Amino acid sequence: MALQARRFHGKPLHQPNYNFRDVPWCSRDLSASTLSVVTERQHLVDSIAELTLLCNEATRRSQARNDVSSSSSSSSGSAVPTKKKLTKPLSIEYIFDRIDTDDPIWGLMVRTNTPVSFKGRPSNFKASPLWKRGMLQGFITMTTFTNWQSSFRFDSLSDMAFGQDDDELEAEMKSGLRKYDKDGSLAEELEASVKGGNPHMEGIVYPRIAEVSLFGGLGCGKQLLRLLIEHLERLKASADFNYDYVVLQATENSIPFYEAMGFIRVGCVQGQAASPNKIITSPVEEYHTKKNGESPVSVAKQFGVDVWDLVFLNKPLWPELVQKSWLKMGTKLFIPKPSTSPKWYMALNNETPRGIAKKFGVNFSKLLRANKRRYPDLTGNAKLMKGTNIQISRFHIDEGDTVAYTHWTFPDAELDDDDVSYMMAMKLNRKKGAEAKVKPLAFSLPIPMKPYCPVATGVKNLLIQPGAPKASLAPIFAKKKGPKEPKKPKRPMSAYMHFMSVARTTMAEELKGLSFIETNGVISAKWKTMWDDEKIPYEERARKSKVEYDEAMKKYVIDMERFRRESPPVITDLDGVDVSLLEKVVKLKASHGITGVAKFEYFYVLTFIPDLQWVHLIPMRKVGVFGPEHGQASGRPIWMIYGEDEGKEIDTTASLCEAVTAFTVKNSADADDEQWNIYDNGETPPAPLPAPTFTSEAKIGAKTKIGVETKTGQQTKMCQAAKIGLDAKIVPPLDAPTKPKKPAASFAIFCREASSTMKEELEN
């Protein structure tokens, strides 16, 4: 599942001087480690490289365990092993983005403290010679849940909440293997909580919902999450946060872990319309104080609402507002308006729509009209089966415009850019008074929980200080005119979406005259009444769509690579910032903190982040030697990169990279297919071929290919001057017209005249 980043410029990162493959597993009780509370953002910024490398290592170890488990199952003759799903670790851009954006931010870090063996057992330096004090073993951060989509809402019963699940996940949901908000009650509680903010600025903030934003660990994940929950349940309320719930975005391989910790999946949807540039809040009513001396506390008591909700909603209006602020008569306040009823109701056996409308005091006609979109034959006195979902409020919401929510997207992001969210949530068991002072888990640990200090934990000696950046700002990229950028393929349609497409034609008579929303309701109801074997044709279409999508994505990646090569960005405002490492072949000056690089000699730079001075590398390997048809490269080693699916990619600081001379041979748009001829260790590359001279018969300005006679036979090898590093100069014919110079500016004319008239003055 992709997590989108929208990063601002930063400073070069601190590279750790230890290898994460040498970091021991954490003991269950954290006895050989330090446990630190991190509240200063800069401490997290200084640790970004470590957080990234730990996530990479956790993924590698998970993959290794999965491979061993699958191999054991296969050799024992048991049922066909199914590999655990593995997703890519968090990207450094996303980690930087969260640390830069999350407000407030609070976290925990676990680091090595006393020598242990690799498996986390007590040991000594002799048994674990690569052990160092201060190695990062785990981290977790949290903030207040925020999103940047004004139409976002929690809704587990919406048709689109889980409508874009793939076939495997849909089967797991149906079989009960996955835990989720079946009756929609948890989503209703989350949606009813207070919120407010501008999606184009600070975002829409939910002060009653905490979010686990970053999380990674080597054996201490369960303890870190339990400690965080214990902290949240005992946190004193304020205008900025008053947490009743905690949510998180789960990757596919982490879902079972979070379910075991008490989290369940909740549905999240959003509209497709753009978010307006204004403050969005939960429902409110306006109130003007009746006399001098009223306070938020007294007003909250009068309306039966939480005083912290009231203070939060009015902070944009009155920034200095607190619980007991003295208010003048006539002061305007926004009062949170509690939701009178949920959006959905699960009917009891033999209940009727008319009776349900009366039960909740809603307009019967509106209720019937809204539910007819989903149940076309519904009548006011129809007797309903137990568990039938009936919409009882918010009839104004356009369900036809609804799509599944994409996590961490900004107002200007295209919805097709990322995968949908797998949001999980849990209700907190709030503790107050004396009970809040007792922390059973924290008190049971053999180590104290202390404020984070780089010196005390030994971290300061493990981080390499980066060199001063060559420019204070990240470069600004402007697109160069050239070929049109290829369009990313849309996600494949689910079985239901294929059915909907067909149904609009086959059910045309039945759908005639219905609105878009009503049409979707009728089709949805039809789908839900179909037998599993009736859905098979559409499931087959969905599988075919997935195959076509995968093929289209492969082509898109190749096309994008070609587009980037043919239309490189024009970089401005660099002032000396080095961007030369991108797509270059490099070797490492040292292997500080880099996992598994000793056996690799060269690397290809897949990603270079100039301001952070950080690179994402993929190792290279020899795959043979060049044949005689390659002229001067004949007999030299052929170098190619490892495949992305082999999991060899690494992250490190750019300061450890040294570019080497390397020539591409195939000039392929796809780096996986490219071959390199590398010159290193004092090797001298062949002298460039002589620059060609064009006669008057040459077409000036054409992309002329140069014929070069090779030494092996009289075979002519065609190559472009740009590809072999030639600075070819075109010799124009003698009678070629001379291009006129640009007219001089007024200041230039003044300077020319002044150099004569002011000669003596200038010489003195």
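Residues numbered from 1 in each chain as written. Predicted model: local features only at pLDDT ≥ 70, side-chain atom pairs only at ≥ 80, totals over all residues. Heavy atoms only, no water.

Novice: Lay out the overall build of the protein in plain terms, naming residues and giving numbers.
Specialist: A count of helical and extended segments in the protein gives 18 helices and 31 strands. Counting only residues that meet the buried cut, the protein has 45% of its 764 residues in that class. In the protein, once contacts between residues fewer than 6 apart in sequence are set aside, the share between residues at least 24 apart is 77%. When the accessible surface of the protein is summed, it comes to about 41100 Å², and 54% of that surface belongs to carbon and sulfur atoms. (Helix = DSSP H or I, 4+ residues; strand = E, 2+ residues; numbered from the N terminus. Buried < 20%, exposed > 50% of the residue type's maximum accessible area, 1.4 Å probe, protein only. Contact = heavy atoms within 4.5 Å. Areas by Shrake-Rupley, 256 points an atom, 1.4 Å probe, with all protein chains shown as cover.)

Novice: Now, about the pattern of salt bridges: what can you tell me, with residues and values included?
Specialist: Tallied over the full model, the rule gives 26 salt bridges. Where Arg-178 meets Glu-259, a salt bridge forms, and the shortest distance between an N and an O atom there is 2.9 Å. Here the residue Arg-178 occupies a position in the loop between α4 (167-175) and α5 (185-192), and Glu-259 occupies one in helix α7 (residues 255-260), the gap between them amounting to 81 residues. This pair shows no difference in class: Arg-178 is buried, exactly as Glu-259 is. For the salt bridge of Arg-430 with Asp-244, the shortest nitrogen-to-oxygen distance reads 2.8 Å. With Arg-430 in the loop between β17 (423-427) and α12 (440-444) and Asp-244 in the loop between α6 (221-233) and β8 (245-249), the pair connects residues that are 186 residues apart, well separated along the chain. Three or more residues joined by partner-sharing salt bridges are found here, namely Arg-208, Asp-244, Asp-306, Asp-309 and Arg-430. (Salt bridge = Lys/Arg side-chain N within 4 Å of Asp/Glu carboxyl O.)

Novice: Outline the packing of aromatic side chains, listing residues and values.
Specialist: According to the stated counting rule, one finds 25 aromatic pairs in the structure shown. Ring centres of Phe-499 and Trp-527 lie 5.2 Å apart, and the angle between their planes is 40°; this geometry places the pair in the tilted category. Note that Phe-499 is positioned in helix α13 (residues 495-506) and Trp-527 in helix α15 (residues 516-529), a separation of 28 residues in sequence. A residue is classified by how much of its surface remains accessible, and Phe-499, at 6% relative accessible area, is buried. (Phe/Tyr/Trp six-rings, centres within 6.5 Å; stacked < 30°, edge-to-face > 60°.)

Novice: Outline the confidence of the model for the protein, supporting the account with residue identities and numerical values.
Specialist: Do not read the fine detail of predicted coordinates wherever pLDDT is low. Here the protein averages 79 in pLDDT, while 74% of its residues score no lower than 70. Contacts from residues 1-8, a stretch scored under 50 in pLDDT, to residues over four places away or in other chains number 36 contacts. Scored below 50 in pLDDT, residues 568-577 shows 24 contacts in the model against residues more than four places distant or in partner chains. (pLDDT = per-residue confidence, 0-100.)

Novice: Help me get a handle on unusual backbone geometry, residues and values and all.
Specialist: Both trends apply: most residues other than glycine have a negative phi, and most peptide bonds are in trans. Cis peptide bonds are those with omega within 30 degrees of zero, and the linkage from Asp-103 to Pro-104 qualifies with 0°. Along the chain, Pro-104 falls in the loop between α3 (92-101) and β3 (106-112). In this model, Asn-350 sits at a positive phi of 70°, which is unusual for a non-glycine residue. Structurally, Asn-350 is set in the loop between β14 (344-346) and α10 (353-360). Residue classification places Asn-350 among the partly exposed residues on the basis of a relative accessible area of 47%.

Novice: Talk me through the environment of Asp-306; I want residue IDs and the actual numbers.
Specialist: Considering the arrangement of structural elements, one finds Asp-306 in the loop between α8 (296-303) and α9 (307-314). Placed 64 residues apart in sequence, Asp-306 and Asn-242 show a C-alpha to C-alpha distance of 10.0 Å. Setting aside chain neighbours within four positions, we find Asp-306 in contact with Arg-208, Asn-242 and Ala-300.

Novice: Tell me about the pairing of β17, residues and numbers included.
Specialist: Counting buried positions along β17 gives four out of five residues, so the element sits mostly inside the fold. The pairing of β8 with β17 spans five bridges and is antiparallel. Of the residues in β17, the one forming a bridge with Gln-249 is Met-423. Direction of pairing for strand β9 (residues 264-265) relative to β17: antiparallel, over a ladder of two bridges. The partner of Ile-264 across the bridge, within β17, is Ala-425. (Pairing = 2+ DSSP bridges.)

Novice: Which residues make up α6, and what values do they have?
Specialist: Compared with an ideal rise of 1.5 Å per residue, which puts 13 residues at 18 Å, α6 spans 19 Å between its outermost C-alpha atoms and is within 8% of the ideal. Three or more residues of α6 are buried, namely Gly-221, Gln-223, Leu-224, Leu-225, Leu-227, Leu-228, Ile-229, Glu-230, His-231, Leu-232 and Glu-233. (Expected span 1.5 Å × (residues − 1).)

Novice: Give a description of the sheet that holds strand β5 (residues 153-154) that names residues and reports values.
Specialist: On the basis of which strands lie adjacent, the open sheet formed by three strands has the order β5-β10-β16 and antiparallel pairing. Both edges of this open sheet fall to β5 and β16 (402-404), since each of them pairs with a single strand only. Pairing of β5 with strand β10 (residues 268-271) involves two bridges; the strand directions are antiparallel. Bridging across to β10, Arg-153 finds its partner in Val-269.

Novice: Before we move on, can you summarise α8 with the specific residues and values?
Specialist: When we look at burial in α8, the residues that qualify are Pro-296, Val-299 and Ala-300. Looking straight down α8, one finds its buried side chains confined to an arc of 100°; they lie on one side. In α8, the exposed positions that point more than 90 degrees away from the buried face belong to Lys-301 and Gln-302. Two residues or fewer after α8 comes Gly-304, characterised by a positive phi angle close to 70°. (Arc of directions from axis to C-beta.)

Novice: If you had to explain the side chain of Thr-52 to someone new, which residues and values would you point to?
Specialist: Note on placement: Thr-52 falls in helix α2 (residues 48-75). Filtering out sequence-adjacent residues up to four positions away, Thr-52 remains in contact with Ile-92, Ile-95 and Asp-651.

Novice: Can you lay out the nonpolar core for me, pointing to particular residues and giving the numbers?
Specialist: Counting residues in each nonpolar core, the largest one holds 42 residues, and the members touching the most others are Leu-35, Leu-225 and Phe-263. Examining the composition of this core, we find that six residues originate from one element, α6, more than from any other. In this structure, Ile-48, Leu-90, Ile-95 and Met-109 belong to the second largest nonpolar core, which totals 32 residues. (Core = buried A, V, L, I, M, F, W, Y, C linked by side-chain atoms within 4.5 Å.)

Novice: Tell me about the packing of α10 against helix α11 (residues 364-372), and name the residues and values.
Specialist: The relative placement of two packed helices is expressed as an angle between their axes plus a distance between the axes. Closest axis-to-axis distance for the α10/α11 pair is 9 Å, and the angle between their directions is 125°. Taken together, the axis directions place α10 and α11 in an arrangement best described as oblique. Two packed elements cross with a definite hand, and for α10 against α11 that hand is right-handed. Packed against α10, whose contacting residues are Pro-353, Arg-354, Ile-356 and Ala-357, the element α11 presents Phe-364, Leu-367 and Leu-368 at the interface. (Axes fitted to C-alpha atoms, helices over the stretch in contact; angles between N-to-C directions. Parallel < 35°, antiparallel > 145°, perpendicular 65-115°, else oblique. Left-handed = near helix turned anticlockwise from the far one by under 90°.)

Novice: Describe the packing of α8 against α9, with residues and values.
Specialist: Two elements in contact, α8 and α9, have axes separated by 9 Å at closest approach and are oriented at 115°. In the crossing of α8 with α9, the sense of the turn from one axis to the other is right-handed. Contact residues: α8 offers Pro-296, Val-297, Val-299 and Ala-300, while α9 offers Val-307, Leu-310 and Val-311. Of the residues assigned to the contact of α8 with α9, the class counts are seven nonpolar, no polar and no charged. (Nonpolar A, V, L, I, M, F, W, Y, C, P; charged D, E, K, R; others polar.)

Novice: Tell me about the side chain of Thr-144, residues and numbers included.
Specialist: Tracing the backbone through its elements, the reader meets Thr-144 in strand β4 (residues 136-147). Residue class for Thr-144 comes out buried when judged on its relative accessible area of 3%. A polar contact of 2.6 Å, which involves the side chain of Thr-144, links it to the side chain of Tyr-243. In this view, Thr-144 contacts Pro-104, Val-205, Tyr-206, Pro-207, Ile-209, Asp-240, Phe-241 and Tyr-243; residues no more than four positions away in its chain are not counted. (Polar contact = N/O pair within 3.5 Å; in protein donor to acceptor, adjacent residues only side chain to side chain.)

Novice: Would you mind going over the environment of Val-403 in detail, with residue names and values included?
Specialist: Take Val-403: it is sitting in strand β16. As a C-alpha pair, Val-403 and Phe-152 span 251 residues in sequence and 9.7 Å in three-dimensional space.

Novice: Outline the environment of Ser-117, supporting the account with residue identities and numerical values.
Specialist: Within the secondary structure layout, Ser-117 lies in the loop between β3 and β4. Sequence separation of Ser-117 and Asp-22 is 95 residues, and the distance between their C-alpha atoms is 9.8 Å.

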